[in-house]
Amino acid sequence: MIARILVAYATQKGSTADIAEAIGAELRVLGQTVDVREMRTVKSLDGYEAVILGAPIYVGRIIEMGKFVQRHNTGLLERMVAAFAVGTVPVSKDEKQIEAELEVLRVMFKSIQPVALTLFAGKIDPAKLSFMQKTMVNMVKSPVGDFRDWVAITAWTRDVANKMGL
Ligand SMILES: Cc1cc2nc3c(=O)[nH]c(=O)nc-3n(C[C@H](O)[C@H](O)[C@H](O)COP(=O)(O)O)c2cc1C
């Protein structure tokens, strides 16, 4: 069967991939057919009715997603779209920083009119970081650990499915 929904993600260390898989699993529980794929392997949106995009934030930049939105702009305009970014800023509860990251996401999707945009708390595993990355994480005093909130991720997925009329 051809999947109706595409969940496309970017990731460096795997934590966003896990979130994308959890969203895919929840949509399947809701009876949907879903493909969960790395963004860079997606050549065409043909056949999909809805697209959910997710990518992590590194040094204030959401990786890969802007390029994907540009490359598939026409296809995204014709489909239901939702997106999420992943980072450790949401852990800080610093409203100004959270708002700044949300604004980056909003600007990226300005032309698309997505049904939902959100930020999820991610994960930093020091064992997976390069020396430079460790230094940066220490410098900005970023929280270190796994902060992914699976209940919030499931709730967002259900809300998105509802808004898309799935
Ligand atoms: C070097 C470095 C820079 C980061 N910069 C940001 C940032 O600017 N904003 C943020 O919210 N999170 C930041 N993070 C946290 C990552 O977004 C978080 O670890 C995310 O879960 C990584 O996703 P991935 O495992 O899919 O690569 C940074 C992490 C590292 C290691």
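Anything mentioned here points back to the structure above.
Criteria and thresholds
- Note that residues are indexed from 1 along each chain, following the sequence as it is written.
- Thresholds applied to this predicted model are a pLDDT of at least 70 for local features of residues and 80 or more for the giving and counting of side-chain atom pairs; totals over whole chains, interfaces and linings are not thresholded and use all residues.
- Only heavy atoms go into the side-chain values, all of them from the structure, while hydrogens and water stay out.
- What counts as a salt bridge is simple: a side-chain nitrogen of Lys or Arg found within 4 Å of a carboxyl oxygen of Asp or Glu.
- A run of H or I in DSSP counts as a helix once it spans at least four residues, and a run of E counts as a strand once it spans at least two, with each numbered from the N terminus.
- Type-normalised accessible area, obtained with a 1.4 Å probe on protein chains alone, sets the label of each residue: buried when under 20%, exposed when over 50%, and partly exposed for intermediate values.
- Candidate patch residues must exceed 30% relative accessible area and have no salt bridge, after which like charges are joined if within 9 Å and Val, Leu, Ile, Met, Phe, Trp or Tyr side chains if within 5 Å.
- In short, Shrake-Rupley with a 1.4 Å probe defines the accessible areas, and a residue's cover is counted only from the protein chains shown.
- In this analysis an axis means a line fitted to C-alpha atoms, helices contributing only their contacting stretch, and an angle means the value between N-to-C directions, from 0 to 180 degrees.
- An angle below 35 degrees is treated as roughly parallel, one above 145 as roughly antiparallel, one from 65 to 115 as roughly perpendicular, and anything else as oblique.
- The crossing is said to be left-handed when, going from far helix to near helix, the turn is anticlockwise and less than a right angle, and right-handed when the turn is clockwise.
- The contact rule is simple, with two residues in contact once any of their heavy atoms fall within 4.5 Å.
- Each residue is assigned to one class: nonpolar for Ala, Val, Leu, Ile, Met, Phe, Trp, Tyr, Cys and Pro, charged for Asp, Glu, Lys and Arg, and polar for all the others, Gly among them.
- Each pair of strands is called paired provided DSSP finds at least two bridges between the two strands.

A.B. asks: What is the right way to read the pattern of salt bridges from this model?
C.D. replies: Side chains bearing opposite charge may pair, as long as their charged atoms lie close to each other. This model, assessed by the stated rule, comprises 9 salt bridges. Here Glu26 and Arg158 are joined by a salt bridge, their closest N and O atoms 2.8 Å apart. Placement of Glu26 in helix H1 (residues 15-29) and of Arg158 in helix H7 (residues 150-163) is noted, with a sequence separation of 132 residues between them. Residue classification places Glu26 among the buried residues on the basis of a relative accessible area of 10%. As a salt-bridge pair, Lys163 and Asp159 come within 2.9 Å of each other at their nearest N and O atoms. Here the residue Lys163 and the residue Asp159 both occupy positions in helix H7, the gap between them amounting to 4 residues, near one helical turn. A relative accessible area of 32% means that Asp159 is categorised as partly exposed. A cluster of three or more residues bridged by salt bridges with shared partners is formed by Asp18, Asp146 and Arg148.

A.B. asks: Hey, could you run me through the environment of Leu119 in this one?
C.D. replies: Along the chain, Leu119 falls in strand E6 (residues 116-121). Residue Leu119 is classed as buried on the basis of its relative accessible area of 12%. The spatial distance from the C-alpha of Leu119 to the C-alpha of Val89 is 9.0 Å, given a sequence separation of 30 residues.

A.B. asks: When you look at a nonpolar patch on the surface in this model, what are you seeing that I'm missing?
C.D. replies: On the surface, Val59, Met132 and Met136 cluster together into a nonpolar patch covering about 320 Å² of accessible area. If you trace the backbone, Val59 turns up in the loop between strand E3 (50-58) and strand E4 (61-62). Overall, Val59 belongs to the exposed group, its relative accessible area being 68%.

A.B. asks: I keep staring at the packing of H1 against H7 and nothing clicks. Help me out?
C.D. replies: A packed helix pair is summarised by two numbers, namely the angle formed by the two axes and the spacing between the axes. Contact geometry of H1 with H7 gives a least axis separation of 9 Å together with a crossing angle of 50°. When the axis of H1 is compared with that of H7, the two are oblique. Relative to H7, the crossing made by H1 is right-handed. Residues Asp18, Ile19, Ala22, Ile23, Glu26 and Leu27 of H1 form the contact with H7, whose own contacting residues are Trp150, Ile153, Thr154, Trp156, Thr157, Arg158 and Ala161. Tallied by class, residues from the contact of H1 with H7 come to 8 nonpolar, 2 polar and 3 charged.

A.B. asks: Quick question: what am I supposed to make of the environment of Ser15 here?
C.D. replies: Assignment of secondary structure puts Ser15 in helix H1. Each C-alpha atom of the pair Ser15 and Gly87 lies 9.8 Å from the other, and the pair is 72 residues apart in sequence.

A.B. asks: Hey, could you run me through the pairing of strand E5 (residues 80-87) in this one?
C.D. replies: Remember that side chains alternate between the two faces of the sheet whenever the strand is regular. Among the 8 residues in E5, 7 count as buried, and that is most of the element. Two strands pair when backbone bridges link them, and E3 and E5 are joined in this way by 7 bridges, in the parallel orientation. Directly across from Ala55, in E5, lies its bridge partner Ala85. The pairing of E5 with E6 spans 6 bridges and is parallel. Paired with Ala85 across the two strands is Leu119, which belongs to E6.

A.B. asks: Sorry if this is basic, but what is going on with the environment of Trp156 here?
C.D. replies: Take Trp156: it is sitting in helix H7. Given a relative accessible area of 10%, Trp156 falls into the buried group. Sequence separation between Trp156 and Phe84 is 72 residues; the distance between their C-alpha atoms is 9.8 Å. Look past the residues within four positions of Trp156 in its chain and what remains in contact with it is Ile23, Ile52, Ala82, Ala83, Phe84, Ala116, Thr118 and Phe120.

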